[in-house]
Amino acid sequence: MTRRRALLTVCGVFLAAGLIAAAPAGAPDRIRLKPEVEAFIAKMAQDHGFDRERLRTTMGALKPNEDIIKAFERPSTAKPWHEFRGIFVTPTRIEGGVKFWQEHAPLLQRAREVYGVPPELIVSIIGVETIYGRRTGGFRVIDSLYTLGFEVERRAQFFRGEFEHFLLLTRDNGLDPLQVKGSFAGAMGVPQFIASSYRSYAVDFDGDGRVDLWNSIADVIGSVANFLHAHGWAAGQPVTVPARLSGGDALALLERGLKPNLTLAEMKTRGVEPTEELPESVEAGLFSLDGKDAQEHWISLQNFYVITRYNRSKNYAMAVYQLAQQIAEAYAQGPGASQSVAAQP
């Protein structure tokens, strides 16, 4: 990974500088680009000082990637919960999480003290995202953001915004935008931050003067914790609990979404009751998951909603939560516990 950073840094200084340098004299005829691409280039030139012609040359060489489109149209988070859980709450991720926690316990404890996020939650997110750095993505991020920003209509504006952040991120950090790799959606590094999150929430937790989400585990841990803290993580509070439903009013609450929007006292009057003791003044939402044999109903508390800011899928948030629980249990039990823990629902 050290050689990877060296390559990105050396190449990036050269290319990033090229994107804002003066266009060479006698440049060839202008490349024909889509109007929306031209508008994006004009914005980057006007707002951020990128050289228009060089950026046109760079973007003119980009092509839509069908594999990215296929992955975008069929994300794993769309699977039924009972299938999705089996992908992420596994002995491999539990064992890896325990090992990661043991190796980086002081950093995780410091992150908890600074940001209020428990170690198992930080570890779980890193485990779900990249199996603790083993799979950080094989797509060029620039291809992902171009394809989803200019070749796919759904959420195009969002990905164009991420493209803007990505070019700024690579320029500011001396990275080669043509070499950085990540997920099909453009997420990067061990914690899989999209470019806007990298620029807004990534932190220099090791104090070396730069933020590196590929090679610095300290920065990875601190950045995940800071992201959750910045989005409203409530230290020491529960995440979610199962719900008992009675009557049509209860089912109607599912349409309001999982963002906390009613107090538990109000939810109880509509036939929704948590299966664990919680203060009636706590605000909550309601959501369902596709169990193998029946729908599961859950109370969404503030911390569950915060996890969905990392990834908007309720399947994702529940996988993070349950993996975190089982990592914590296996960590407490010691060696050999992960196999038995993983079998629990």
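Just above sits the structure.
Residues numbered from 1 in each chain as written. Predicted model: local features only at pLDDT ≥ 70, side-chain atom pairs only at ≥ 80, totals over all residues. Heavy atoms only, no water.

Draft legend 1. Region of the structure containing helix α5 (residues 81–88). Of all the residues in α5, the buried ones are Trp-81, Phe-84, Arg-85 and Phe-88. Down the axis of α5, the smallest arc covering the buried residues is 100°, so these residues share one side. (Buried < 20%, exposed > 50% of the residue type's maximum accessible area, 1.4 Å probe, protein only. Helix = DSSP H or I, 4+ residues; strand = E, 2+ residues; numbered from the N terminus. Arc of directions from axis to C-beta.)

Draft legend 2. Local environment of the environment of Lys-181. Looking at where Lys-181 falls in the secondary structure, it is placed in strand β2 (residues 181–182). The sequence separation of Lys-181 and Ile-142 amounts to 39 residues, and the corresponding C-alpha distance is 8.2 Å.

Draft legend 3. The packing of aromatic side chains, seen in detail. If you walk through the whole model with that rule in mind, you get 18 aromatic pairs. Look at Phe-193 and Tyr-310: their rings are 5.9 Å apart centre to centre, the planes differ by 70°, and that puts the pair in the edge-to-face class. Residue Phe-193 is located in the loop between β2 and α11 (195–201), and its partner Tyr-310 is located in helix α15 (residues 302–310); the two are separated by 117 residues in the primary sequence. By the burial criterion, Phe-193 is buried, and Tyr-310 matches it. Each ring, one from Phe-227 and one from Tyr-310, has its centre 5.0 Å from the other, and the planes form 65°; the classification is edge-to-face. Residue Phe-227 is located in helix α12 (residues 217–230), and its partner Tyr-310 is located in helix α15; the two are separated by 83 residues in the primary sequence. Each member of the pair, Phe-227 together with Tyr-310, is buried. In this structure an aromatic cluster arises from ring pairing among Phe-193, Tyr-201, Phe-227, Tyr-310 and Tyr-316. (Phe/Tyr/Trp six-rings, centres within 6.5 Å; stacked < 30°, edge-to-face > 60°.)

Draft legend 4. Broad picture of unusual backbone geometry. Its identity as a non-glycine residue notwithstanding, Ile-131 has a phi of 50°, on the positive side. Mapped onto the fold, Ile-131 is located in the loop between α8 (119–130) and β1 (139–140). Of note in this structure, Gln-192 is not a glycine but carries a positive phi near 55°. Structurally, Gln-192 can be placed in the loop between β2 and α11. Take Gln-192: its relative accessible area is 10%, and that puts it in the buried class.

Draft legend 5. Structural detail: the sheet that holds strand β5 (residues 272–274). Reading across from one edge, β4-β6-β7-β3-β5 is the order of the 5 strands in this open sheet, with antiparallel pairing throughout. Here the strands that pair on one side only, and so sit at the sheet edges, are β4 (262–263) and β5. Together, β3 (240–245), β6 (283–290) and β7 (295–300) form the strand contacts of helix α16 (residues 314–333), whose direction differs from that of β6 by roughly 95°. (Pairing = 2+ DSSP bridges. Contact = heavy atoms within 4.5 Å. Axes fitted to C-alpha atoms, helices over the stretch in contact; angles between N-to-C directions.)

All we've got here are geometric facts, nothing functional implied.
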